[in-house]
Amino acid sequence: NQNADTITVTVTVYTYSLAEGATGTFFDLDVLIANPTTTPAPIVATFLRENGTTVVQNLTVNPTSRVTIRVDDIPGLEGTSRRPTPCRSSWSGR
């Protein structure tokens, strides 16, 4: 069959939830975010602490580059265990 259908989907916001992590003397937690596009990618990384409060990190990943968030170095997240790490980006991905 030579007929083909094409579906195009435009997504304006990507949301990723990462598995739990831990920081402290025994663990190191790094989150690497890559931007393969030719436009800057604004990122909002929200870290959920054990007590239910959050710590937010805003950053921009330059085009065709990557950034590493060293969670152990973020004030308020050092020495923390079991924390889901949802990350939300308003980047269009184009």
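Residues numbered from 1 in each chain as written. Predicted model: local features only at pLDDT ≥ 70, side-chain atom pairs only at ≥ 80, totals over all residues. Heavy atoms only, no water.

A look at the overall build of the protein
Phase 1 of the analysis: Within the protein, the secondary structure is distributed over zero helices and six strands.
Phase 2 of the analysis: Along the protein, helices (α) and strands (β) appear in the sequence β-β-β-β-β-β when read from the amino end.
Phase 3 of the analysis: A burial count over the protein gives 28% of its 94 residues as buried.
Phase 4 of the analysis: When contacts within the protein are restricted to residue pairs at least 6 apart in sequence, long-range pairs at least 24 apart make up 72% of them. (Helix = DSSP H or I, 4+ residues; strand = E, 2+ residues; numbered from the N terminus. Buried < 20%, exposed > 50% of the residue type's maximum accessible area, 1.4 Å probe, protein only. Contact = heavy atoms within 4.5 Å.)

Here we look at the pattern of salt bridges
Phase 1 of the analysis: All chains considered together, the criterion is met by one salt bridge.
Phase 2 of the analysis: In this structure, the salt-bridge partner of Asp 30 is Arg 70, at a minimum N-O distance of 3.0 Å. Of this pair, Asp 30 sits in strand E2 (residues 30-35) while Arg 70 sits in strand E5 (residues 65-70), placing them 40 residues apart in sequence. (Salt bridge = Lys/Arg side-chain N within 4 Å of Asp/Glu carboxyl O.)

Overview of the environment of Glu 50
Phase 1 of the analysis: Inspection of the secondary structure puts Glu 50 in the loop between strand E3 (41-48) and strand E4 (54-61).
Phase 2 of the analysis: Here Glu 50 falls in the partly exposed class, since its relative accessible area comes to 49%.
Phase 3 of the analysis: Measuring from C-alpha to C-alpha, the distance between Glu 50 and Leu 77 comes to 9.7 Å, with 27 residues separating the pair along the chain.

Side note on unusual backbone geometry
Phase 1 of the analysis: The backbone of Thr 64 sits at a positive phi, close to 45°, despite the residue not being glycine.
Phase 2 of the analysis: With respect to the element layout, Thr 64 can be found in the loop between E4 and E5.
Phase 3 of the analysis: By relative accessible area, Thr 64 is classed as exposed at 59%.

A look at the confidence of the model for the protein
Phase 1 of the analysis: The predicted model of the protein has a mean per-residue pLDDT of 76, with 70% of residues at 70 or higher.
Phase 2 of the analysis: E5 holds the highest mean pLDDT among the elements of the protein, 91, whereas strand E6 (residues 83-89) holds the lowest, 50.
Phase 3 of the analysis: Per-residue pLDDT stays below 50 along residues 88-94; that stretch engages in 32 contacts with residues further than four places along the chain or on separate chains. (pLDDT = per-residue confidence, 0-100.)

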